[in-house]
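Coordinates in review
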Amino acid sequence: MDLPKSLFKEVTLADQELLLPFYRRLNSRSCDDCFSNLYLWKHLEPMEYQISDGVLILKSKTPKPFFRFPMGEQEKLPAALDAMVGLVSEEGVPFKIRYVTKEQFDLIETACPGKFRFEPTRNYWDYVYETEKLKNLSGRKYHGKKNHINKFLRDYPDWSFEPITDDNVEECFQMGLKWRVLNDCDELYEKRIEMCVALNSLRLLKELHLTGGLLRVNGQVVAYTIGEKVNDDTFVVHIEKALTDVEGAYTVINQQFVEHAMDGIPYVNREDDTGDEGLREAKESYHPVMMVEKGEVTLQ
């Protein structure tokens, strides 16, 4: 398999329909294994691609490039990996594949026994929950969450949940701009990128086949969330923003989105914690049923 440098193309929105079948075939629970994530985060990690012998190869456009897991038929994986190693060897940089799930590394190990090693990266791991448990919040271990919701219902009797549509998306956009100011997003590069992703997900909701929901209090949007079904049994929540002066808004938008947008889908992936201790504690408090373990693949 050849991977000429000249054939790599920057990933654009117009490439979505070409690349989506590769993601569907992969059938991964990982939040990183979907086109919307690849496209929306392109300013932080710009990617380019080429399709060679029916295999999708994704490579970063960074000073020290890395790959994503090659997507295609299993029997073509050895040739794809050899071509990827050869490409970066020519450039004089170490070989690396990021955001690889444990299941994907098992495929790599089967294809090329003993040639690569897997280094788990805890900050990449996704939190996966049972949909029914997040919907009902029943039982002792969810007692605190239930209390937060009950307090919200008492404090804000005039509340409502609704799907994001053409008629209300601009209100979500304005709430997002308010959230950006309140959280000093313009002062920190990573927060600024995160907010760009959150706002662009609203702007491209239809184009990226995303599903969204919002929470109102006294007629005003105080929270919104966005996600998508990524495989046969899992829905990923990509975006969740709420005004913290509305106590309980995060808990309620979480529960309501599960109730209204995920009927018949058994699992909810609420993405990783990026190593942030506060976020880790918050995600663990919802008691994940499993983690999507991910890491980096390098040469032995």
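The structure we're discussing is the one just above.
As a starting point, this report considers the structure included with it. (Residues numbered from 1 in each chain as written. Predicted model: local features only at pLDDT ≥ 70, side-chain atom pairs only at ≥ 80, totals over all residues. Heavy atoms only, no water.)

Turning our attention to the overall build of the protein. For the protein, the count of helices and strands is 10 helices and 13 strands. Considering only C-alpha atoms, the protein reaches an extent of 65 × 40 × 35 Å along its principal axes. When the 300 residues of the protein are sorted by exposure, 50% land in the buried category. Carbon and sulfur atoms form 49% of the exposed surface of the protein, whose accessible area is close to 14500 Å². Of the charged side chains in the protein, 38 are positive and 51 negative; the average position of the first set lies 2 Å away from that of the second. (Helix = DSSP H or I, 4+ residues; strand = E, 2+ residues; numbered from the N terminus. Buried < 20%, exposed > 50% of the residue type's maximum accessible area, 1.4 Å probe, protein only. Areas by Shrake-Rupley, 256 points an atom, 1.4 Å probe, with all protein chains shown as cover. Lys, Arg positive; Asp, Glu negative; His and termini not counted. Charge placed at Lys NZ, Arg CZ, Asp CG, Glu CD.)

What follows covers the nonpolar core. Taken as a class, soluble globular proteins show a tendency for nonpolar side chains to be buried jointly. With 88 residues, the main nonpolar core has Phe35, Leu58, Ile97, Ile108, Phe116 and Tyr224 as its most contacted residues. At eight residues, helix H3 (residues 77–91) tops the list of elements feeding residues into this core. (Core = buried A, V, L, I, M, F, W, Y, C linked by side-chain atoms within 4.5 Å.)

With that out of the way, let us pick up the pattern of salt bridges. Per the counting criterion, the structure on display carries 26 salt bridges. The closest approach of N and O atoms between Lys61 and Glu10, which form a salt bridge, is 3.9 Å. With Lys61 in the loop between strand S3 (55–60) and H3 and Glu10 in strand S1 (residues 9–10), this pair connects stretches of sequence that are 51 residues apart. Here Glu10 falls in the partly exposed class, since its relative accessible area comes to 45%. Taking the shortest distance from any N to any O, the salt bridge between Glu284 and Arg122 comes out at 3.8 Å. Taken together, the residues span a long stretch of sequence, with Glu284 in helix H10 (residues 277–284) and Arg122 in the loop between strand S5 (116–120) and strand S6 (126–130) at a distance of 162 residues. (Salt bridge = Lys/Arg side-chain N within 4 Å of Asp/Glu carboxyl O.)

With that settled, the discussion passes to the side chain of Arg216. Its place among the elements puts Arg216 in strand S8 (residues 211–217). Taking the relative accessible area as the measure of exposure, Arg216 reaches 12% and is therefore buried. Engagement of the side chain of Arg216 in a polar contact is seen with the side chain of Glu171, the distance being 2.8 Å. Those residues within four positions of Arg216 in sequence are excluded, and the remaining contacts are Asp158, Trp159, Ser160, Glu162, Asn168, Glu171 and Val221. (Polar contact = N/O pair within 3.5 Å; in protein donor to acceptor, adjacent residues only side chain to side chain. Contact = heavy atoms within 4.5 Å.)

Notably, Tyr99 is not glycine yet its phi reads approximately 60°, a positive angle. By secondary structure assignment, the location of Tyr99 is in strand S4 (residues 97–101). Classification of Tyr99 by relative accessible area gives buried; the value is 12%. You will see that Asn218, though not glycine, has its phi angle at about 55°, which is positive. Following the sequence through the fold, Asn218 ends up in the loop between S8 and strand S9 (220–229). Here Asn218 falls in the exposed class, since its relative accessible area comes to 55%.

Our focus in this paragraph is the state of the cysteines. All told, the structure shown has zero disulfides when counted by the stated rule. Cysteine Cys172 is unpaired, with the sulfur of Cys185 as its nearest cysteine sulfur at 16 Å. Summary of cysteine pairing: Cys196 is not part of a disulfide, and the nearest cysteine sulfur, belonging to Cys185, is at 9.2 Å. Under the relative-accessibility criterion, Cys196 is labelled partly exposed at 38%. (Disulfide = S-S within 2.5 Å.)

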